[in-house]
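# Tertiary structure, described
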Amino acid sequence: MTRIARILVCLAASVGLSVLAAAGPAAAADTAYNTRTQYLVAHPDEGLPEACFERRIQLATGDYHWYQVLGSAYREDFRIGAGWYTWRDCLEPRDDEYYHETTLDPDNPDWVTVRLSSEPRVGSSGEVLWGSKLVPQF
């Protein structure tokens, strides 16, 4: 019986060492997306309705690059604290272009809501991917 117990202990130790040896370096956090595909007209007018969508996201403390998928707005080396956020993208049709606003609103009342905005144009009418993404730098 003690021989079986010793064999099991040795086997468990060798499996544990194999698992430790197989583990690679820690990978960076994944890019997070708040996007949707929607039909957009190339030359909108102000009479068209605004489109908005949002999601809840829990983020870690660190530096991020924040980009709008449609348009050219970005914010590099954006540092945020750990916690829950409401992430919202809105696209407002204007005369021949859109106004795209992205907000990241923390649940923590001591922190401020951060905004990105741009005025992108759509080359031709059709299905367009728009929204924003957060790229962790850690």
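Residues numbered from 1 in each chain as written. Predicted model: local features only at pLDDT ≥ 70, side-chain atom pairs only at ≥ 80, totals over all residues. Heavy atoms only, no water.

## Considering the overall build of the protein chain
We count it as follows: Numbering of helices and strands runs from the N terminus; a helix is a DSSP stretch of H or I covering at least four residues, while a strand is a stretch of E covering at least two. Under the scheme applied here, a residue whose accessible area is under 20% of the maximum for its type counts as buried, over 50% as exposed, and between as partly exposed, the area being computed with a 1.4 Å probe on protein chains only. By the convention used here, residues are in contact when the closest approach between their heavy atoms is within 4.5 Å. Accessible surface area values rest on a Shrake-Rupley calculation with a 1.4 Å probe, where residue burial reflects the displayed protein chains alone.
From N to C terminus, the protein chain includes one helix and eight strands. If you list the helices and strands of the protein chain from N to C, you get α-β-β-β-β-β-β-β-β. In the protein chain, which comprises 138 residues, the proportion classed as buried is 34%. Sequence separation of 24 or more characterises 66% of the internal contacts of the protein chain that already satisfy a separation of 6 or more. Carbon and sulfur atoms make up 53% of the accessible area of the protein chain, which amounts to about 8,700 Å² in all.

## Examining the nonpolar core
Selection rule: Buried Ala, Val, Leu, Ile, Met, Phe, Trp, Tyr and Cys residues that are joined via side-chain atoms within 4.5 Å together make up what is termed a nonpolar core.
Counting residues in each nonpolar core, the largest one holds 14 residues, and the members touching the most others are Leu59, Trp66, Phe78, Trp87, Leu104 and Leu134. Within the residue set of this core, elements represented by two or more residues are strand E2 (51-59), strand E3 (62-68), strand E4 (74-80), strand E5 (83-93) and strand E7 (114-118). Of all hydrophobic cores here, the second largest spans nine residues; its members include Leu40, Phe53, Leu91 and Trp130.

## What to know about the sheet that holds E4
Keep this limit in mind: Pairing between two strands requires that DSSP report at least two bridges joining them. Each axis is a line fitted through C-alpha atoms, taken for helices only over the stretch in contact, and angles between the N-to-C directions span 0 to 180 degrees.
Across the sheet, which stays open at both edges, the four strands sit in the order E1-E8-E3-E4 with antiparallel pairing between neighbours. A single partner strand is all that each edge strand has here, and the edge strands are strand E1 (32-40) and E4. Taken pair by pair, the neighbouring strands of this sheet meet at an average axis angle of 20 degrees, ignoring direction.

## Things to note about the state of the cysteines
For clarity, the threshold we go by: Disulfides are defined as cysteine sulfur pairs within 2.5 Å.
Taken as a whole, this structure holds one disulfide when the rule is applied. Across a sulfur-sulfur distance of 2.1 Å, Cys52 and Cys90 are joined as a disulfide pair. Torsion about the S-S bond of the Cys52 and Cys90 cystine: about 120 degrees, corresponding to right-handed handedness. In this pair, Cys52 sits in strand E2 while Cys90 sits in strand E5, placing the two residues 38 residues apart along the sequence. Classification of Cys52 by relative accessible area gives partly exposed; the value is 27%. Among the residues examined, Cys90 registers a relative accessible area of 9% and is labelled buried.

## Quick look at the side chain of Gln68
To keep it simple, the criterion reads: Pairs of N or O atoms are called polar contacts if they sit within 3.5 Å, as long as, within protein, a hydrogen donor faces a hydrogen acceptor (for residues adjacent in sequence, only side-chain-to-side-chain pairs).
Mapped onto the elements of the fold, Gln68 is located in strand E3. For Gln68, a relative accessible area of 5% gives the class buried. Only 2.7 Å separates the side chain of Gln68 from the side chain of Ser118, close enough to count as a polar contact. What Gln68 contacts, discounting residues up to four positions off in sequence, is Ala73, His100, Glu101, Thr102, Leu116, Ser117, Ser118, Gly131 and Ser132.

## Things to note about the sheet that holds E2
Taken together, four strands build an open sheet; the order of strands is E2-E5-E6-E7 and the sheet is antiparallel. Here the strands that pair on one side only, and so sit at the sheet edges, are E2 and E7. Along the sheet, successive strands turn relative to each other by an average axial angle of 15 degrees, direction set aside. Summarising the sheet, strand E6 (residues 98-106) and E7 pair through five bridges and their orientation is antiparallel. By the bridge assignment, Thr103 is partnered in E7 with Arg115.

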